[in-house]
Every structure is written in C-alpha cells, then in structure tokens.
Amino acid sequence: MKIKNYINGELVTPFSDSYIDNFNPSVGEIYGQIPNSNNKDVEEAYQSAKKAFPAWSTTTLANRSKILSNIARLIEQKLDVLAEAEAKDNGKPLSLAKAIDIPRASSNFQFFADAITQFSSEAHESVGLGVMNFTLRQPIGVVGCISPWNLPLYLFTWKIAPAIAAGNCVVAKPSEVTPMTAYLLSEICIEAGLPKGVLNIVHGLGGTTGQAIVAHPNIKAISFTGGTKTGAHIASVAAPMFKKLSLELGGKNPNIIFADCNYDDMLATTVRSSFANQGQICLCGSRIFVEKSIYKKFKKDFILKVSELKVGNPFDANTNIGALVSKEHLQKVTSYIDIAEQEGAKILFGGKKVEVKGSENGYYLQPTIIEVNDNQCKLNQEEIFGPIVTIMPFSSEEEALQLANDVVYGLSATLWTNNLQRTMQFSKLLQTGIVWVNTWLLRDLRTPFGGTKASGVGREGGFEALRFFTEPKNICIKYE
Ligand code: TXE
C-alpha cells in the first residue's frame, strides 16, 4: 500500500515520486511504501500553511473547537481501524493500541478543543498612572511538529492539537518507521472539515524531510519528540535561526521502591512500568532500586510475574509483549544484553530473542531483568528503549536519591512509599520533570509534561502547550 502526503487539504504523491519501504515488525515483512519527500514537498506544505494562516488564525475559538471536536469524535469512531494500523505498523499489542494509543489521540484533540475556549491572558493596571497593560497572545504562524515511532498517533496528535487550537498552521512529519496512523489522520481531517492547509503531513526520513522542516527559514517553532542525539542536532540547526523549540527526548527513569509501599500494587504496576509497549516508552522505569530489606523478596516475586508475560504476535489477544519496532532497534536493544555479560551484570530472567509460531521473522525479545551492582554501568547510564530493566538494592534514602539522580537524563521518576515526609523530600530533590508516587503513567492532560537535563527543553500539555504555540505581546496604553 502506497500512502500519500497530505498537503493543502489533498492527498498527494511526492515530487520525487520516490518511496521508502514500510515494514510490519511482527512478521518482518514490507507491507507498504511511504513518500520519500524532499525540500520541495516541505516547501509546498509550508506555502499551503502560510496561505491558510490568515483565515485560520482569525477563526473564532468556538469554530476551532468544533472542528477539533469533530476530529476527536472521528478518531474515536475509527478506533478499531486505527488500532489495527498502529499495531501492524509498530508491533505493539492490538489490546494496547485499543486501550491507550488511539483513545489518547482522540483525548488530545478533545482536550485542546475545550482548552482553547478557556485559554485566557492577563492584564496589569499601572495604578495611579492612567496606564493599562494587557498581554496579547497571538499564534506564531507556521510551526513544525516532528514525532517518533513508539507512540505514533498518541504523540503526533499531542503536538498538532494544541498547535492548531492556538491558531497556527502546521507542517508535521511522523516517524518514517510508523507512518500509517498519521496517514489515516489525514483522511479524518478531510472528513472533519479542517480547512485546507491548516495541517500538512509530509512523510519521509529525518535527515532529509525532517531536516527540511527544521531548517526552513519561515517555520518559526519546532515541537520535537525523539532521541536526545537528534534533539541536540535539531537544536543546533534551529537555535541560530531563533526558532522556538520544544524538545521531548530520551529518559532513563528510576523506579524507587521502599519497604513501606503497598507491595502488591507496586509489583503489578512495576511489571507495567518496566515492559509496557515493549519498554519503548520514554517514561518507562528502566532502573529499579529496591530497599535492601525487601530486595530478595522483590527479586523472587518480580521474576515470577515477568516470567508469566506472553511474548507473541500483536494480534493475538493473549499477547502482553509484542514485536520491537524494527530489526535495527532489536539489534540495538540486544547489544545491551551482550554488554551486560561484559560488565559482569547478572541476567536474572530473559535475554533471548523469541521465535513466535507463524511469525518467525518478527522482531521479538523476552522481557529481561538484569541485576547490576554499579549505577555507573552502561546499562544504567544509557537509554536502551526496549524490554530490559536493571535492578539493584539501596540501604538509605540518601543512597536512593543519589542513585536516582546520577544519570544524564531527567524525564520521570516513580516512587513507592507511604511515608509523607519522604514523598515530599524526594519530590523536591528528584531531578526530573515528572514524579509519580504509588502509581505510573497516570496522566492529567492539564499538567506540564516534559523533562530536564538530557531529557529535553520545554513542556507540553495543558496551557503550557498553548503558551508554547503563542507569542505573548505586551500592549501598554496610556489613557489619562
Ligand atoms: O527517534 P529519532 P527514534 C529515543 C529512544 C530511541 C531513539 C531513537 O532512545 O531509541 O530516541 O528513536 C525525525 N531532523 N526515543 O528513531 O531518530 C525522525 O524521522 C529532523 C525517545 O524515534 O530521534 C522521527 O520522525 N527530524 C522518545 C523523529 O525525528 C529528524 C520516543 C524521531 O526520530 C532528524 C522515541 C533530523 N536530523 C524515541 N533525524 C521519547 N522521548 O518519547 C530524525 N528525525
């Protein structure tokens, strides 16, 4: 199946007429092709967005809200088709796409359909001077949205929805590894009556199509989610052009478990926070630190729970762990298992590729638990982004905090304890943008979302996203 770009409200072929193969990772086969777009396609998309901007930026909030609600409703209506496309493209279990990915894509549009009607600005009266100030928040113009392959539609819509809600027009590029649901979103936008040129989706490789968006002189802001290395490159291109940048990058998140936690709840959630989406979520708790007094018990119970997880074809209802997203990614992830042995770490469970009956060429790997004794090891310092977690004990709060923070990343942390003082102290001292206490991946879309250190710059979510996609202007009026 050859998919098309979505430019100026139409589904069009790339200028170069060249295409890139698209793989189904669960069977290791090519199942489609995507446009190998170049800077001419990006320029075409930019011109369409530019042309659409005057009308869209002056569309009433009620009308914008209605159209975003239409898109949200259509995503919900097409849940099954979208979830199947996502599972086929990414390798994640269909059950996960149905329960998380697609419903969240719909919520992203519905949330910003509502939020834009409540988004206000502020005024400051210079008392006694006969002066009134107000802050005008205007849309930026044409903005770029670039997203990764792990939660394709979920993260793609998380950027596009606030960008257009705020009155901008968008040139967007999904990952070339998982383009399908972005293509289906194009069709939904046409059906929803989104005016042509407000959203333009250009498929292609990061180094060419993505680069053309980032380097475009008139695309004034870039919202990016992906690898830290790529984020640094994008910043090096965009910063000298004074573009606004939102960078949601990698993570190497600590999961800190104290003996006073609700043990069963912690155990069940820790299995999820370790291996959901094959561990391919930047928020996964990939470094598990357990208080010494329960370390032995946790180790035994965790291994038993993980051994019950079923690795299988994404379309098999019993599957808990699907296929990794690509052959290259499977090789990257398994290379860390080889490193584990070199670093003297101990593989407590898993570590092997899995041959799934009927899908022998798929990219499957066991959920893997590795015991380490030094937080400075590669396994604890580098983002693996697969179904691999490390575990090690700690003896004190000071040690737990030091271990958690001793990494270049700073995206999220999970803390299991019922001690209030400890909760407040850790919440303040953990060097992350998000702290979950006695839960994981519980999301209120009004909250600021993003990381610190090598996990990125800026925040998405709620009014933070609408502030990113608008420029505040101070209007100062002397009236006396
Ligand atoms: O990200 P990439 P990928 C991490 C994780 C993963 C690594 C690579 O460690 O292994 O990133 O994943 C586009 N100019 N995360 O391959 O390569 C690219 O086409 C402009 C964490 O997804 O950064 C894709 O659309 N664009 C992350 C997008 O950037 C470029 C989730 C992401 O690609 C580009 C996913 C360039 N020069 C991966 N190069 C998280 N925080 O959620 C690439 N792209």
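Residues numbered from 1 in each chain as written. Predicted model: local features only at pLDDT ≥ 70, side-chain atom pairs only at ≥ 80, totals over all residues. Heavy atoms only, no water.

What about the overall build of the protein chain?
Okay, step 1: Looking only at helices and strands, the protein chain has 15 helices and 22 strands in total.
Okay, step 2: Taking 23 Å as the expected radius of gyration for a compact globule of 480 residues, we find that the protein chain reaches 23 Å, a close match to that expectation.
Okay, step 3: Principal-axis analysis of the C-alpha atoms gives the protein chain an extent of 70 × 65 × 40 Å.
Okay, step 4: Counting all 480 residues of the protein chain, 58% fall into the buried class.
Okay, step 5: Long-range pairs, those at least 24 residues apart, make up 74% of the contacts in the protein chain with a sequence separation of at least 6.
Okay, step 6: Of the roughly 19,100 Å² that the protein chain leaves accessible, carbon and sulfur atoms contribute 55%.
Okay, step 7: Looking at charge distribution, the protein chain has the averaged site of its 47 positive side-chain charges lying 3 Å from that of its 46 negative ones. (Helix = DSSP H or I, 4+ residues; strand = E, 2+ residues; numbered from the N terminus. Rg over C-alpha atoms; globule rule 2.2 N^0.38 Å. Buried < 20%, exposed > 50% of the residue type's maximum accessible area, 1.4 Å probe, protein only. Contact = heavy atoms within 4.5 Å. Areas by Shrake-Rupley, 256 points an atom, 1.4 Å probe, with all protein chains shown as cover. Lys, Arg positive; Asp, Glu negative; His and termini not counted. Charge placed at Lys NZ, Arg CZ, Asp CG, Glu CD.)

Looking at the site of the ligand
Okay, step 1: Residues in contact with the ligand amount to 27 residues; listed here are only the nearest, S147, K173, E176, L249 and E383.
Okay, step 2: Between the ligand and W149, the relevant distance is 3.0 Å, taken from an oxygen atom to a side-chain nitrogen or oxygen of the residue.
Okay, step 3: Here K173 contributes a side-chain N or O atom positioned 2.8 Å from an oxygen atom of the ligand.
Okay, step 4: Summarising the interface, the protein chains cover 87% of the accessible area of the ligand, which totals 800 Å² for the free molecule.
Okay, step 5: Where the shell around the ligand is concerned, the elements lending two or more residues are α7 (206-215), β10 (221-225), α8 (228-238) and α11 (327-342).
Okay, step 6: Element by element, the count of residues in the shell around the ligand is highest for α7, at four residues. (Near = heavy atom within 4 Å. Polar contact = N/O pair within 3.5 Å; in protein donor to acceptor, adjacent residues only side chain to side chain.)

Some points on helix α5 (residues 152-165)
Okay, step 1: In this model α5 runs 20 Å from its N-terminal to its C-terminal C-alpha over 14 residues, within 8% of the 20 Å that 1.5 Å per residue would give.
Okay, step 2: Summarising burial for α5: 14 of the 14 residues are buried, a large majority.
Okay, step 3: Looking at the residues trailing α5, positive phi occurs at G167, about 100 degrees. (Expected span 1.5 Å × (residues − 1).)

Observations regarding α7
Okay, step 1: Among all positions of α7, only T209, G210, A212, I213 and V214 are buried.
Okay, step 2: Its buried side turned inward, α7 meets α1 (39-57), β7 (142-146), β8 (169-173), β10 and α8.

Quick look at empty space enclosed by the protein
Okay, step 1: A complete count under the given rule lists four cavities of 30 Å³ or more for this structure.
Okay, step 2: Approximately 110 Å³ is the volume attributed to the largest cavity.
Okay, step 3: Here the residues of the lining of the largest cavity sort into seven nonpolar, six polar and two charged.
Okay, step 4: Reported here for the second largest cavity is a volume of approximately 90 Å³. (1 Å grid on protein atoms, 1.4 Å probe; cavity = no way out; pocket = protein on both sides within 12 Å on 5 of 7 lines; lining within 4 Å. Points joined across faces, edges and corners; volume = space filled by probe spheres on them. Nonpolar A, V, L, I, M, F, W, Y, C, P; charged D, E, K, R; others polar.)

Observations regarding the UniProt feature "domain: Aldehyde dehydrogenase" (unreviewed entry) in the protein chain
Okay, step 1: Here the UniProt-annotated "domain: Aldehyde dehydrogenase" (unreviewed entry) positions come out as residues 18-475.
Okay, step 2: Helix makes up 43% of residues 18-475 and strand 21%. Its end C-alpha atoms lie 49 Å apart. (UniProt positions renumbered as here; feature names shortened; annotations may be inferred.)

Considering unusual backbone geometry
Okay, step 1: Located in the positive-phi region is N8, a residue other than glycine, with phi close to 55 degrees.
Okay, step 2: Positionally, N8 belongs in the loop between β1 (5-7) and β2 (10-12).
Okay, step 3: Here K453, not a glycine, exhibits a phi torsion of approximately 50 degrees, which is positive.
Okay, step 4: Structurally, K453 is set in strand β20 (residues 452-453).

Topic: the domain arrangement of the protein chain
Okay, step 1: Domains assigned within the protein chain are domain 1 (5-249 + 455-478) and domain 2 (254-444).
Okay, step 2: Taking the mean C-alpha position of each, domain 1 and domain 2 sit 30 Å from one another.
Okay, step 3: Buried surface at the junction of domain 1 and domain 2, summed over both partners, amounts to about 2,100 Å²; 58% is from carbon and sulfur atoms.
Okay, step 4: When the area that domain 1 buries against domain 2 is broken down by residue, the three leading residues are S26, W149 and S455, summing to 25%.
Okay, step 5: Linking domain 1 with domain 2 are nine residue pairs in polar contact (both at pLDDT 80 or more).
Okay, step 6: Going through the elements one at a time, α3 (79-90) and α4 (94-118) are the ones with two or more residues in the side of domain 1 that touches domain 2.
Okay, step 7: Considering only residue class, the side of domain 1 that touches domain 2 consists of 12 nonpolar, nine polar and five charged. (Domains from an automatic or database assignment. Buried area = accessible area lost by both parts, 1.4 Å probe.)

Details of a nonpolar patch on the surface
Okay, step 1: Taken together, the side chains of F134, L136, I477 and Y479 make up a nonpolar region of the molecular surface, amounting to roughly 330 Å² of accessible area.
Okay, step 2: Tracing the chain through its elements places Y479 in the segment after β22 (470-478).
Okay, step 3: Assessed through its relative accessible area of 46%, Y479 is described here as partly exposed. (Patch = residues over 30% accessible without salt bridge, like charges linked within 9 Å, V, L, I, M, F, W, Y side chains within 5 Å. Salt bridge = Lys/Arg side-chain N within 4 Å of Asp/Glu carboxyl O.)

Examining the sheet that holds strand β13 (residues 287-291)
Okay, step 1: One open sheet holds the seven strands; their spatial order is β14-β15-β16-β13-β12-β18-β19, and the pairing between them is mixed. The strands lining the two open edges of the sheet, one partner per strand, are β14 (346-349) and β19 (434-437). Adjacent strand axes in the sheet meet at a mean angle of 25 degrees, parallel and antiparallel pairs treated alike.
Okay, step 2: Sheet analysis places β14 next to strand β15 (residues 368-371), joined by three bridges and oriented antiparallel. Pairing of F349 across the sheet is with I369, part of β15.
Okay, step 3: Strands β12 (254-257), β13, β14, β15 and β16 (388-394) of the sheet are contacted by helix α10 (residues 292-307), whose axis makes an angle of about 135 degrees with β13. (Pairing = 2+ DSSP bridges. Axes fitted to C-alpha atoms, helices over the stretch in contact; angles between N-to-C directions.)

Quick look at the UniProt feature "active site" (unreviewed entry) in the protein chain
Okay, step 1: According to UniProt, the "active site" (unreviewed entry) feature falls on E248.
Okay, step 2: Contacts of E248, omitting those with residues within four sequence positions, involve F224, T225, G226, F449, G450, G451, S455, G458, R459 and E460.

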